[in-house]
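Chain by chain, the residues run as shown.
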Amino acid sequence: MTSLADLHALMDRLGHPVVRAAAVSGARFADGAPYRFEIPSVEGPDVLEAVVAEADRLGVPVARTSQGSGVMMLTDDEITRMARIGAERGIEVNLFLGPRAAWDTGGQAKLTQAVGAAARGNAMVAACLADALRACSLGIRSLLVGDLGALEVLRALKQDGTLPANLVLKTSVLMPLTNGPTAAIYERLGAGTVNVGTDLTAPQLAEIRAATGLPIDLYLEVPDDQGGFVRFYEAVEIIRAAAPVYLKMGLRNAPNIYPSGGHLGVVPKELGRERVRRAALVLRLIERLDPELAKPSQTSDFGVPEL
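Let us look at the structure shown here. The model shown is predicted, which means the values in this text are computed figures rather than measured ones.

The rules behind each value
For every chain, the first residue of its written sequence is number 1, and the numbers climb from 1 along that sequence. For this predicted model, a pLDDT threshold of at least 70 governs which residues receive local features, and a threshold of 80 or more governs which side-chain atom pairs are given and counted, while totals over whole chains, interfaces and linings are taken from all residues. Side-chain numbers here rest on the full set of heavy atoms in the structure, without hydrogens or water. Comment: elements are numbered from the N terminus, with helices defined as DSSP H or I runs of at least four residues and strands as E runs of at least two. This radius of gyration counts C-alpha atoms alone. The globule rule is 2.2 Å times how many residues there are, raised to the power 0.38. Computed with the Shrake-Rupley method and a 1.4 Å probe, the accessible areas treat only the protein chains shown as cover for residues. We treat Lys and Arg as the positive residues and Asp and Glu as the negative residues; His and chain ends play no part in the count. One atom stands in for each charge, and that atom is NZ of Lys, CZ of Arg, CG of Asp or CD of Glu. Buried, partly exposed and exposed residues are distinguished by accessible area as a fraction of the type maximum, computed with a 1.4 Å probe on protein chains only: under 20%, between the cut-offs, and over 50%, respectively. Residues count as neighbours in contact if any of their non-hydrogen atoms are within 4.5 Å of one another. Residues adjacent in sequence count toward polar contacts only when both atoms are side-chain atoms; beyond that, a polar contact is any pair of N or O atoms within 3.5 Å, and within protein one must be able to donate a hydrogen and the other to accept it. Note on pairing: two strands pair once DSSP finds at least 2 bridges between them. Crossovers are marked right-handed if the path from the first strand over the helix to the second runs clockwise, as seen with the strands pointing away from the viewer. Stacked, tilted and edge-to-face are the three classes assigned to paired rings of Phe, Tyr and Trp, where Trp is represented by its six-membered ring and a pair needs centres within 6.5 Å; plane angles under 30 degrees give stacked, over 60 edge-to-face, the rest tilted.

Turning next to the overall build of the protein chain. In terms of regular secondary structure, the protein chain is built from 10 helices and 8 strands. Rg of the C-alpha trace for the protein chain: 19 Å, near the compact-globule value of 19 Å for 307 residues, within the 12% margin. Principal-axis analysis of the C-alpha atoms places the extent of the protein chain at approximately 60 × 40 × 35 Å. Within the structure as shown, the protein chain displays about 13,000 Å² of accessible surface, and the carbon and sulfur contribution to it stands at 54%. When the 31 positive and 35 negative side-chain charges of the protein chain are each reduced to one mean point, those points stand 2 Å apart.

With that settled, the discussion passes to the environment of Asp-147. Tracing the sequence through the fold places Asp-147 in the loop between strand S4 (142–145) and helix H6 (148–159). Classification of Asp-147 by relative accessible area gives buried; the value is 13%. Along the backbone, Asp-147 and Ala-119 are 28 residues apart, and their C-alpha atoms lie at a distance of 6.0 Å. The residues touching Asp-147, leaving out its near neighbours within four places in the chain, are Ala-117, Ala-118, Ala-119 and Met-175. Of the polar contacts made by the side chain of Asp-147, one reaches the backbone nitrogen of Ala-119; its length is 2.9 Å.

A sheet is described by the order of its strands in space; here 8 strands give the open sequence S5-S4-S3-S2-S1-S8-S7-S6, paired in parallel fashion. Only two strands of the sheet have a single neighbouring strand rather than two, namely strand S5 (168–171) and strand S6 (194–195).

Moving on to the pairing of S5. The side-chain alternation of S5 yields two buried faces, one formed by Val-168 and Lys-170 and the other by Leu-169 and Thr-171. Of the strand pairs in this sheet, S4 and S5 are connected by 4 bridges, and their pairing is parallel. Its bridge partner being in S5, Ser-142 is matched across the sheet by Val-168. What joins S4 to S5 is H6, and the crossover it makes is right-handed.

What follows covers the pairing of strand S7 (residues 216–221). Counting buried positions along S7 yields 6 of 6 residues, so the element is predominantly enclosed. A crossover links S6 with its parallel partner S7, the connecting element being helix H8 (residues 202–211), and its sense is right-handed. Pairing analysis gives 5 bridges linking S7 to strand S8 (residues 245–249), with the strands arranged parallel. Looking at the pairing, Glu-221 lines up with Met-249 of S8. Of the crossover connections in this fold, the one passing from S7 over helix H9 (residues 235–242) to the parallel S8 is right-handed.

Attention now goes to the packing of aromatic side chains. One pass over the structure, following the stated rule, counts 2 aromatic pairs. Measuring from centroid to centroid gives 5.1 Å for Phe-29 and Tyr-246, while their planes differ by 70°, and the two rings are edge-to-face. Here Phe-29 is found in the loop between helix H1 (4–13) and strand S1 (35–39), whereas its partner Tyr-246 is found in strand S8, with 217 residues between them in sequence. Take Phe-29 and Tyr-246: they sit in the same class, and that class is buried.

With that settled, the discussion passes to the environment of Arg-28. Mapped onto the elements, Arg-28 comes out in the loop between H1 and S1. With sequence-adjacent residues up to four places away left out, Arg-28 is seen in contact with Ala-33, Pro-34, Ala-243 and Pro-244. A polar side-chain atom of Arg-28 sits 3.2 Å from the main-chain carbonyl oxygen of Ser-25.

Following this line, the structure appears as structure tokens:
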């Protein structure tokens, strides 16, 4: 396969130039890598073990896994096992917080995804805090936040020492982030890494990068309910514009498994394995399109407690 520059030169020769206007980001993760892989929908320790095994088999450096069903859907033993696996493998294990509007008795969230992750009422914010305190007590140091007010309260609890100072607060794709000013707001409210809109162009990602130094999280393959895009051939341009960036490997044509549990059988594990396989395909493509691009590493930037 020819490089990205060769492909663009070929299009120029044919009279159809590829126009790229995105600024190139010079920012990197702490280890110097411009991108890392995140495997989402890792719903419990069995799925995490399957993901780790497949990553080893395919040679994919998985730096982060994230979960969507929520802390409240896991037992203490399951959370502790996930934290232990993450600590042993240097993987950031991220868990979603609390109940959400889409699962509550309110009607609006049944009609639109725009408020699906919102916390309806202060009691639901309190439930998110309960999830956060429980997860941290069991060794988790990365939480997925779907509500702006909950993010602000979690920031305050980190500042006063109620929550660990090294706790990563990751914003959910369900909290719309599509421009630089919004990214700056999220950072001021305590976000440590920001999940952006799934359909943003490379120039739009560059605008967000100019507004914040936080890592950007972007689905490279997007679940159907978030657009269903497959953006493998855009990976190099996305990395150049958004670095440091987590490439999230969702799946098209996959069932919604939230909230997950034993009733789903092997489905969550098989979906996890396939997400790793997708990451292997992307890794190969990036290496062919831009051989000079630094490879990702499997590493975390935050301290993991002893378990």
